[in-house]
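Coordinates in review
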Amino acid sequence: MNSTQPLEKEARLPQDQPDAKATDFTYTYSAKQNREIEQIRKKYLPPEENRLEQLHRLDKRAERPGTVAAIVMGSVSTLLLGIGMVLTMVYTRYFVMGIAVGLAGIAGISLSYPVYQHITKRERRKLAPEILRLSDELLKGAK
């Protein structure tokens, strides 16, 4: 039998059963067709999120605000450092102001990582109960 050809079966209910109605039915089974139907069906179902995916999502959610704040702060501080350099080298009459702006930029760059750590730690404390609950469920389910 060729696996790409549909398998057709016919079945009839026995006539000697009092409850049974005489019914003829035909069904066609094709594994390839069934897979295709399932793939199309999955597109229209709401996405299911398993517990491990949910745990990964929560872990990323704890780090995202700190990362965004550190990147913004570092970028703005780098621009300040650059402006300070321009003020000291190109516009020499603003030399002292350029040094002040440059030092502010260096301070901001230096503080970017501690800001990231602080915000991330705060978010982890906030999400800890839910993450621990989910991880306990996953560990208990694995045993």
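Source: prediction; values computed, not measured. (Residues numbered from 1 in each chain as written. Predicted model: local features only at pLDDT ≥ 70, side-chain atom pairs only at ≥ 80, totals over all residues. Heavy atoms only, no water.)

Moving on, we come to the pattern of salt bridges. Under the definition given, this model contains four salt bridges. Two residues, Glu63 and Arg124, come together in a salt bridge whose shortest N-O distance is 2.7 Å. In this pair, Glu63 sits in helix 2 (residues 51-89) while Arg124 sits in helix 3 (residues 95-142), placing the two residues 61 residues apart along the sequence. The exposure class of Glu63 is partly exposed, given its relative accessible area of 27%. Here Arg124 falls in the partly exposed class, since its relative accessible area comes to 40%. (Salt bridge = Lys/Arg side-chain N within 4 Å of Asp/Glu carboxyl O. Helix = DSSP H or I, 4+ residues; strand = E, 2+ residues; numbered from the N terminus. Buried < 20%, exposed > 50% of the residue type's maximum accessible area, 1.4 Å probe, protein only.)

Scanning the entire structure with this criterion turns up one aromatic pair. Seen from their ring centres, Tyr113 and Tyr116 are 5.9 Å apart, and the 25° between their planes marks the pair as stacked. One end of the pair, Tyr113, and the other, Tyr116, are both in helix 3, three residues apart, so they sit about a helical turn from each other. (Phe/Tyr/Trp six-rings, centres within 6.5 Å; stacked < 30°, edge-to-face > 60°.)

To continue, consider helix 2. Compared with an ideal rise of 1.5 Å per residue, which puts 39 residues at 57 Å, helix 2 spans 57 Å between its outermost C-alpha atoms and is within 8% of the ideal. Among the residues of helix 2, those classed as buried are Gln54, Leu55, Leu58, Ala62, Gly66, Ala70, Gly74, Ser77, Gly84, Leu87 and Thr88. (Expected span 1.5 Å × (residues − 1).)

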